[in-house]
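Here is how the chains run, residue by residue.
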Amino acid sequence: MPAVTVENPLTLPRVTAPAGANARRALQVATAPSGFEGEGFPVRRAFAGIDYKNLDPFIMMDQMGEVEYAPGEPKGTPWHPHRGFETVTYIMDGAFIHQDSHGGGGTISDGDTQWMTAGSGLLHIETPPESLVMSGGLFHGLQLWVNLPAKDKMLAPKYQDIRGGNVKLLASEDGGALIRIIAGDIDGHQGPGATHTPITMLHVSVNPGARVTLPWRADFNALAYGLAGRGTAGPENRPFRMGQAVVFGRGDSLTIAADETQESRSPNFEVVLLGGLPIREPMMQYGPFVMNTHAELAQAFEDFQAGRLGRIPAGQE
């Protein structure tokens, strides 16, 4: 983990927080419960136990795997609807095929991201490719749900396929951390993802014993999630590890650090950092629908039952 990396981070542009920046404290550390989704692939619910006011504009995030499948074991999800938000699927190991009722989708693998704006609604399926089902192998990814403001909830569905080679790579000030910008802006460096709600999404690999401090928009919230390894968050060095999420307080810089000793299977502390401009509108969720009112949720469910969100292609029921 992961596919997108460089031999020598010291060759990359460096990112630093300005002197005198107001450091964000780590206010909460929450442990993600484990479960199963879809046809039975293992997930950790990264933001379980965190109040939505600290997540807005993010709704939820699942860590899918990390799991080593035996031949015949890889699983996906059945056909299901979405309306009113965006799904961001980031694959670090393995591959996933996306398909929808409008003919969109594609295959994403090591280091790729698929950004799906569900908008007014569609039917959607995610499955491992037949080659992975036959061979088995390592699978590890994330799926993040990003809310849409009321004015954009009924946009026509669309996709962004963000290939790993297009992700913006940076290094921390001393070269001890590799920073991948999937979406948003850090220190003037822009990631490839285009968003309706202003957000930042980073995947950071921190070398054992290293510390990275990044500038962070003061009007954004700030969240961290441990994908592998262990370390600390904030100026007070609050411990967190794989499967734990951190909620940061206010400020304009954000710090994470890796412990001197890491797990043998993951040499670095792997962390996803998220920030976004809160929408501050009512959020009503019912399963795969995210709207502003109960009436809108009822309409979404009625539209789904009536087939107005699309039909499963013939032969794939």
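Residues numbered from 1 in each chain as written. Predicted model: local features only at pLDDT ≥ 70, side-chain atom pairs only at ≥ 80, totals over all residues. Heavy atoms only, no water.

**Student:** An account of the overall build of the chain is requested, with residue identities and associated values reported.
**Tutor:** Within the chain, the regular secondary structure consists of three helices and 27 strands. For the chain, the C-alpha radius of gyration of 19 Å lies close to 20 Å, the compact-globule estimate for 317 residues. If one aligns the C-alpha atoms of the chain with their principal axes, the spans along those axes are about 55 × 45 × 30 Å. Counting all 317 residues of the chain, 55% fall into the buried class. The contacts in the chain between residues at least 6 apart in sequence include a share of 73% that link residues at least 24 apart. Approximately 12800 Å² of the chain is accessible, and the part contributed by carbon and sulfur atoms is 51%. (Helix = DSSP H or I, 4+ residues; strand = E, 2+ residues; numbered from the N terminus. Rg over C-alpha atoms; globule rule 2.2 N^0.38 Å. Buried < 20%, exposed > 50% of the residue type's maximum accessible area, 1.4 Å probe, protein only. Contact = heavy atoms within 4.5 Å. Areas by Shrake-Rupley, 256 points an atom, 1.4 Å probe, with all protein chains shown as cover.)

**Student:** I'd like a rundown of the packing of aromatic side chains, residues and numbers included.
**Tutor:** For the structure on display, the rule yields seven aromatic pairs. Ring plane angle 35° and centroid distance 4.4 Å describe the contact between Phe-85 and Trp-145, whose orientation is recorded as tilted. Of the two residues, Phe-85 sits in strand S7 (residues 85–93) while Trp-145 sits in strand S12 (residues 137–147), which places them 60 residues apart along the sequence. The pair Phe-85 / Trp-145 is uniform in exposure class, with both members buried. Every member of this aromatic cluster is reached through a ring pair, and the members are Tyr-286, Phe-289, Phe-301 and Phe-304. (Phe/Tyr/Trp six-rings, centres within 6.5 Å; stacked < 30°, edge-to-face > 60°.)

**Student:** Help me get a handle on the pattern of salt bridges, residues and values and all.
**Tutor:** Pairs can form between side chains of opposite charge once their charged atoms are near each other. Summed over the entire model, instances satisfying the criterion amount to nine salt bridges. The shortest N-O distance in the salt bridge between Arg-83 and Asp-303 comes to 3.0 Å. Of this pair, Arg-83 sits in the loop between strand S6 (77–82) and S7 while Asp-303 sits in helix H3 (residues 294–305), and the two are 220 residues apart along the sequence. We note that Arg-83, like Asp-303, is buried. The partner of Arg-217 in a salt bridge is Asp-219, and the shortest N-O contact between them spans 2.8 Å. Residue classification places Arg-217 among the partly exposed residues on the basis of a relative accessible area of 42%. Residue Asp-219 is classed as partly exposed on the basis of its relative accessible area, which comes to 38%. Because the salt bridges share partners, they merge into one network encompassing Arg-83, Glu-302, Asp-303 and Arg-308. (Salt bridge = Lys/Arg side-chain N within 4 Å of Asp/Glu carboxyl O.)

**Student:** Run through the sheet that holds strand S14 (residues 168–172), naming residues and quoting values.
**Tutor:** Ordered by their spatial adjacency, eight strands build an open sheet running S1-S14-S15-S18-S25-S20-S23-S2, and the pairing between neighbours is mixed. In the strand order of this sheet, the two ends are held by strand S1 (14–15) and strand S2 (26–31), each with one partner. Bridge count for strand S15 (residues 177–183) against strand S18 (residues 199–206) is six bridges, and the pairing is antiparallel. Residue Ala-177 lies in a different strand from S18, and its bridge partner there is Val-206. (Pairing = 2+ DSSP bridges.)

**Student:** Please provide a residue-by-residue account of the sheet that holds strand S19 (residues 211–215), values included.
**Tutor:** The strand order across the open sheet formed by four strands is S19-S24-S21-S22, and the pairing between neighbours is antiparallel. Looking at which strands have only one partner, the edges of the open sheet turn out to be S19 and strand S22 (238–241). Each adjacent strand pair in this sheet contributes to an overall mean axis angle of 25°, direction not counted. Bridging between S19 and strand S24 (residues 253–258) involves five bridges; their strand directions are antiparallel. Across the sheet, the residue bridging to Pro-215 is Ser-253, located in S24. (Axes fitted to C-alpha atoms, helices over the stretch in contact; angles between N-to-C directions.)

**Student:** Describe the nonpolar core, and please don't skip the residues or the numbers.
**Tutor:** Counting residues in each nonpolar core, the largest one holds 33 residues, and the members touching the most others are Phe-47, Phe-58, Met-61, Leu-144, Met-201 and Leu-274. Excluding anything up to four places from it in sequence, Leu-144 contacts Phe-47, Phe-58, Met-60, Met-61, Glu-86, Thr-87, Val-88, Met-201 and Leu-274. Counting residues in hydrophobic clusters, the runner-up holds 27 residues, among them Ile-181, Val-206, Trp-216 and Phe-240. (Core = buried A, V, L, I, M, F, W, Y, C linked by side-chain atoms within 4.5 Å.)

**Student:** Pulling in residues and values, what's your account of unusual backbone geometry?
**Tutor:** Asp-56 connects to Pro-57 through a cis peptide bond whose omega is 20°. Assignment of secondary structure puts Pro-57 in the loop between helix H1 (52–55) and strand S5 (58–69). For Arg-280, which is not glycine, the phi dihedral falls at a positive 60°.

**Student:** Go over the side chain of Thr-200 with me, naming the residues and quoting the values.
**Tutor:** Along the chain, Thr-200 turns up in strand S18. Apart from residues lying up to four places away in sequence, Thr-200 is in contact with Ala-183, Gly-184, Asp-185, Ile-186, Trp-216, Phe-220, Leu-273, Leu-274 and Gly-275.

**Student:** So what's going on with the pairing of strand S11 (residues 122–127)? Which residues, and what values?
**Tutor:** The buried count for S11 comes to five of six residues, which makes it a mostly enclosed element. By the bridge criterion, four bridges tie S6 to S11 in an arrangement that is antiparallel. Looking across to S11, one finds that His-80 is bridged to His-124. As paired strands, strand S8 (residues 95–100) and S11 are joined by four bridges and run antiparallel to one another.

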